[in-house]
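A structural walkthrough
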Amino acid sequence: MKIVEQSVELLWSTPDPEKVIELAGRTCYKSEDKITDESSGKFVKMIHKRGHHAMIEHASASFRIICDRGIGNEIVRHRIASYAQKSTRYVRCDKGTGKRECTFIQPPGLVGTSLTDWQSICLDIEETYFNLLDDGHSPQIARSVLPLCLETEIVMTANLREWLHFINLRIAKGAHPQIRVIAQKILIHCYELAPNIFEELYNQHSPEMFAQENHENNT
Ligand SMILES: Cc1cc2nc3c(=O)[nH]c(=O)nc-3n(C[C@H](O)[C@H](O)[C@H](O)COP(=O)(O)OP(=O)(O)OC[C@H]3O[C@@H](n4cnc5c(N)ncnc54)[C@H](O)[C@@H]3O)c2cc1C
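Definitions and cut-offs
- Residues numbered from 1 in each chain as written.
- Predicted model: local features only at pLDDT ≥ 70, side-chain atom pairs only at ≥ 80, totals over all residues.
- Heavy atoms only, no water.
- Near = heavy atom within 4 Å.
- Polar contact = N/O pair within 3.5 Å; in protein donor to acceptor, adjacent residues only side chain to side chain.
- Nonpolar A, V, L, I, M, F, W, Y, C, P; charged D, E, K, R; others polar.
- Core = buried A, V, L, I, M, F, W, Y, C linked by side-chain atoms within 4.5 Å.
- Buried < 20%, exposed > 50% of the residue type's maximum accessible area, 1.4 Å probe, protein only.
- Helix = DSSP H or I, 4+ residues; strand = E, 2+ residues; numbered from the N terminus.
- Contact = heavy atoms within 4.5 Å.
- Pairing = 2+ DSSP bridges.

Points about the site of the ligand
Around the ligand lies a shell formed by R77, H78, R79, I80, E162, H165, L169, R170 and G174. Within the side chain of R79, one N or O atom sits 2.5 Å away from an oxygen atom of the ligand. One of the side-chain N or O atoms of R170 is found 3.3 Å from an oxygen atom in the ligand. The class makeup of the residues in the shell around the ligand is two nonpolar, three polar and four charged.

Shown next, in the form of structure tokens:
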């Protein structure tokens, strides 16, 4: 059995997202003549403040997210996005690993007996999964024993309006602790891409504040 950490990787984004948003937005006001090398930040801040969020849809970003199947189920509930997710129907858990093992994400906070119990059930599940494959069943049948903590890989593409919405919902204190970490990692990238859109959210959930909050939750 292999344990991995959740992760987020920025795969692609609209080049110069704030410039593209400015180009689109100034079409509404026919103020393209005001475009300079420095004008986009102020313009984007203004339309964001006014709630003219349709303009933010003109820039997009794609992320590769490694998380567990439970968190994956939550992520794909966001409808204004495009997805590709590793298949458990066609892909054996051990594909590319060279070992007879499944990969899991360990939930936060497990110690002592809870951790031993969790590891023990994961090992049992792994054994049953490979026994089913050995008996000639296909991955899509054997997968029925796999747990929510199984690692999955999702590529999610969305425009920045949807990322803003996703992060707002999924970084909130009531969201699952694991998806909160993913939302925070995505926020850091989005803030770098379009600071004038994500600044407010970033200031509320900067890496320092987030670490402090998690520390307080775990003590
Ligand atoms: C803390 C938390 C707990 C949750 N618990 C549960 C739960 O117990 N059970 C459960 O089933 N789900 C649960 N969810 C998931 C939730 O119900 C949504 O499916 C998910 O958050 C996606 O949100 P959304 O629909 O706003 O966003 P998206 O699907 O990303 O859509 C973005 C926005 O587009 C608009 N939109 C999209 N589709 C439509 C449409 N068809 N009609 C009109 N407007 C549309 C809406 O304004 C929407 O907010 C939970 C979510 C959170 C954050």
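A few points about the nonpolar core
In globular proteins that are soluble, nonpolar side chains generally tend to be buried together. Core analysis: the biggest nonpolar cluster contains 39 residues, and I65, L160, W163, I167, I186, I197 and F198 have the highest contact counts within it. Elements with a minimum of two residues in this core: α1 (17-29), α2 (39-50), β3 (60-68), α3 (69-75), β6 (151-159), α6 (160-171), α7 (177-193) and α8 (195-204). The leading source of residues in this core is α7, at seven residues. F198 has contacts with L160, W163, L164, I167, L187, C190 and Y191, leaving out every residue within four places of it along the chain. By size, the runner-up hydrophobic cluster in this structure holds 14 residues, among which are C102, Y129, C149 and L150.

Section: the environment of V181
Mapped onto the secondary structure, V181 falls in helix α7. Residue classification places V181 among the partly exposed positions, given a relative accessible area of 25%. In this view, V181 contacts Q6 and F210; residues no more than four positions away in its chain are not counted.

Concerning the pairing of β6
In terms of burial, β6 is a largely internal element, seven of the nine residues being buried. Pairing of β3 with β6 involves nine bridges; the strand directions are antiparallel. Looking at the pairing, A61 lines up with A158 of β6. Pairing analysis gives four bridges linking strand β4 (residues 82-85) to β6, with the strands arranged antiparallel. Considered in β6, the bridge of Y83 is made with M156.

The analysis is restricted to geometry; functional conclusions fall outside its scope.
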